[in-house]
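Architecture and fold: a report
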Amino acid sequence: MQQEQSYGHFRWIIGQPIGLSDQNILNAFTHEGDRLVDLRYGDQESNQRLLEQLEARDSSRVYLWVDSSECFAKYRDHLVPQACLIFGSTSLGEKARDSFEEASLKGYKFGFEVSSADQARLASKYGASFLIISGNEAYGSVSDKTSLILSQEIIPSTLLPVIVRGSLGPYAAAAVSALGAAGVILDTPLLLAEESPLDDALRKRIENLSPTDSLTLGYGLSKRFRMSGQPGLKSWKAMKEKELAILTEESDAELASQAVVSLYWEHCQNGFSEAGAELLPVGQGVPYAAKLARRFGSVLKIIEHYESVRKKSISSIKEAFPFAEGSPLAQSHQTRYPIVQGPMSNVTERASFAKAVSDKGALPFMALSTLASDKVIDLSLIHISEPTRPRLIS
């Protein structure tokens, strides 16, 4: 029998591959039963069967993504006792209050997916026990901001525990932990673990996906959706053509957003259960799946690696904060701070800009590639510290 692991107060939450009822990947991880089932996907019959199996085994620390009052009502008689329910940000309103009150009376803890500090405050007002933030790297409905940006905006604004969903690799997961996250949801990075229920054909497809094969729908709208998609795929082209038609023909932003939501669900509702589906709900961290599976194999060993990286990263930050004045990197650059200003065309080819960066203790770079030869600045005229001048040109 596997020994239960102890990770302190930090929570690693394992996501069930959506649309599938085989629970091997959930059962593989014994640490306090941190498991997530996303009820937004799949058919009702399969999801009910999955919930019954979960209840029969162990209902502790199970997260059920019900998203809306409608979804909650559909599964209310099948929900696992004492589970944590996740509602979407669109449920943050008086119309959904009855669902929250019913959930609370039945002994469920509930939280909300939020994408702003204002939504976090509203979630607290409605009695949330925790918050979920979905960075732009995650699958399905996502923010237009990355997990790290969302973490920096939302975690300091609330006293509630914040759990991050972002298809994160080990070091990004460690970073959000350092920012104060209470836990991380792991789904896409575990798709190729030994216990994953994906069939051989799906495994092969996912093994060959790169970060650029994960694309988003709904640019410029209040809702964005991420899935696997390659520009050359007929299904992706057809979807983008429909999206363009929606954005061109619908002047009301909210109605356009609703139409794009429907377009996403039309193609990805069944998750991994639809044989031959070209568009799959995977996050941008999909390349981690093959790398982690090859190196560690099982879910438990993959989680142990994540936890090891998290602990070592936080320990090293405490011992030697990398952005401290006079750090080893700063010494090697002969600057005050270990900060390097990135070159930006049409911005950093100004002498005054480079001087200002240098005067404040960072290493400046100048982007000269777009300048005509007669416009290149004479660096000898820039009065900055001697050690930084040779490193100016990019």
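Model, not experiment: these values are computed from the prediction.

Now for the confidence of the model for the chain. Detailed reading of the predicted coordinates is not advisable wherever pLDDT is low. Considering every residue of the chain, the mean pLDDT works out to 85; 89% of them sit at 70 or more. The secondary structure element of the chain with the lowest average pLDDT is helix 2 (residues 44-57), at 82, and the one with the highest is strand 8 (residues 162-165), at 97. Segment residues 1-6: pLDDT under 50, and eleven contacts once partners within four positions in sequence are set aside and those in other chains are kept.

Further remarks concern the sheet that holds strand 5 (residues 109-113). Reading around the circumference, 1-2-3-4-5-6-8-9 is the order of the eight strands in this closed barrel, with parallel pairing throughout. Within the sheet, the average angular offset between the axes of one strand and its neighbour, ignoring direction, is 25°. For strand 6 (residues 130-134) and strand 8, the ladder comprises four bridges, and the chain directions are parallel. The partner of S134 across the bridge, within strand 8, is R165.

Let us now look at the environment of T216. Within the fold, T216 resides in strand 10 (residues 214-217). Excluding residues within four positions of it along the chain, T216 makes contact with N136, F225, R226, W236 and K240.

To continue, consider the pattern of salt bridges. Taken as a whole and judged by the stated rule, the model has 13 salt bridges. Among the ionic pairs, E266 bridges to K242, the shortest N-O distance being 3.4 Å. With E266 in helix 10 (residues 253-268) and K242 in helix 9 (residues 234-249), this pair connects stretches of sequence that are 24 residues apart. When its relative accessible area of 53% is taken as the criterion, E266 is described as exposed. The partly exposed category is assigned to K242, whose relative accessible area is 38%. Within this structure, R76, E102 and K106 form a network of salt bridges that share partners.

Remark: helix 11 (residues 286-296) packs on helix 12 (residues 299-319), axes separated minimally by 9 Å, with the N-to-C direction vectors making an angle of 105°. Relative to helix 12, the element helix 11 is oriented roughly perpendicular. Taking contact as the criterion, the partners of L292, A293, R295 and F296 in helix 11 are, on helix 12, K301, I302, H305 and Y306.

Moving on, we come to the pairing of strand 9 (residues 183-186). Side-chain alternation along strand 9 places G183 and I185 on one buried face and V184 and L186 on a second face that is also buried. Bridge count between strand 8 and strand 9: three bridges; the pairing is parallel. Across the sheet, the residue bridging to V164 is V184, located in strand 9. Taken together, strand 8, helix 7 (residues 170-178) and strand 9 constitute a β-α-β crossover, and its handedness is right-handed.

Next up on the list: the nonpolar core. Within the largest apolar cluster, 58 residues are counted, with the highest numbers of intra-cluster contacts made by L64, L85 and F112. Top contributing element to this core by residue count: helix 12, with five residues. Not counting the four nearest positions on each side in its chain, L64 is found in contact with V37, L39, L51, L79, V80, A83, C84, L85 and I86.

Here we come to the environment of F130. With respect to the helices and strands, F130 occurs in strand 6. For F130, a relative accessible area of 5% puts it in the buried group. Sequence separation between F130 and I163 is 33 residues; the distance between their C-alpha atoms is 7.5 Å.

In regular strands, side chains alternate between the two faces of the sheet. Extensive coverage of strand 5 is indicated by the burial of four of its five residues. Bridge count between strand 4 (residues 84-87) and strand 5: four bridges; the pairing is parallel. Among the inter-strand pairings, F87 is bridged to a residue of strand 5, identified as F112. Crossover handedness for the path strand 4 to helix 4 (residues 97-105) to strand 5: right-handed. In terms of handedness, the path from strand 5 via helix 5 (residues 117-125) over to strand 6 forms a crossover that is right-handed.

Our focus in this paragraph is the side chain of S235. Considering the arrangement of structural elements, one finds S235 in helix 9. Excluding residues within four positions of it along the chain, S235 makes contact with E278 and L279.

Take a nonpolar patch on the surface next. Together, I317, F321, F323 and I339 make up an exposed nonpolar region whose accessible area comes to about 390 Å². Tracing the sequence through the fold places I317 in helix 12.

Note on placement: I246 falls in helix 9. The residues touching I246, leaving out its near neighbours within four places in the chain, are A256, A259, V260 and L263.

Once that is clear, we can look at helix 8 (residues 200-207). Residues L202, R203 and I206 constitute the buried set of helix 8. With its buried residues spanning 100° around the axis, helix 8 presents them on a single face. Of the residues in helix 8, the exposed ones pointing more than 90 degrees away from the buried face are D200, A201 and K204. Looking at the buried side of helix 8, the elements it contacts are helix 11. Put simply, D199 is the residue that caps the front of helix 8, since its side-chain oxygen is 3.2 Å from the backbone nitrogen of A201.

The rules behind these values
Residues numbered from 1 in each chain as written. Predicted model: local features only at pLDDT ≥ 70, side-chain atom pairs only at ≥ 80, totals over all residues. Heavy atoms only, no water. pLDDT = per-residue confidence, 0-100. Helix = DSSP H or I, 4+ residues; strand = E, 2+ residues; numbered from the N terminus. Contact = heavy atoms within 4.5 Å. Pairing = 2+ DSSP bridges. Axes fitted to C-alpha atoms, helices over the stretch in contact; angles between N-to-C directions. Salt bridge = Lys/Arg side-chain N within 4 Å of Asp/Glu carboxyl O. Buried < 20%, exposed > 50% of the residue type's maximum accessible area, 1.4 Å probe, protein only. Parallel < 35°, antiparallel > 145°, perpendicular 65-115°, else oblique. Right-handed = clockwise from strand over helix to strand, strands pointing away. Core = buried A, V, L, I, M, F, W, Y, C linked by side-chain atoms within 4.5 Å. Patch = residues over 30% accessible without salt bridge, like charges linked within 9 Å, V, L, I, M, F, W, Y side chains within 5 Å. Areas by Shrake-Rupley, 256 points an atom, 1.4 Å probe, with all protein chains shown as cover. Arc of directions from axis to C-beta. Polar contact = N/O pair within 3.5 Å; in protein donor to acceptor, adjacent residues only side chain to side chain.

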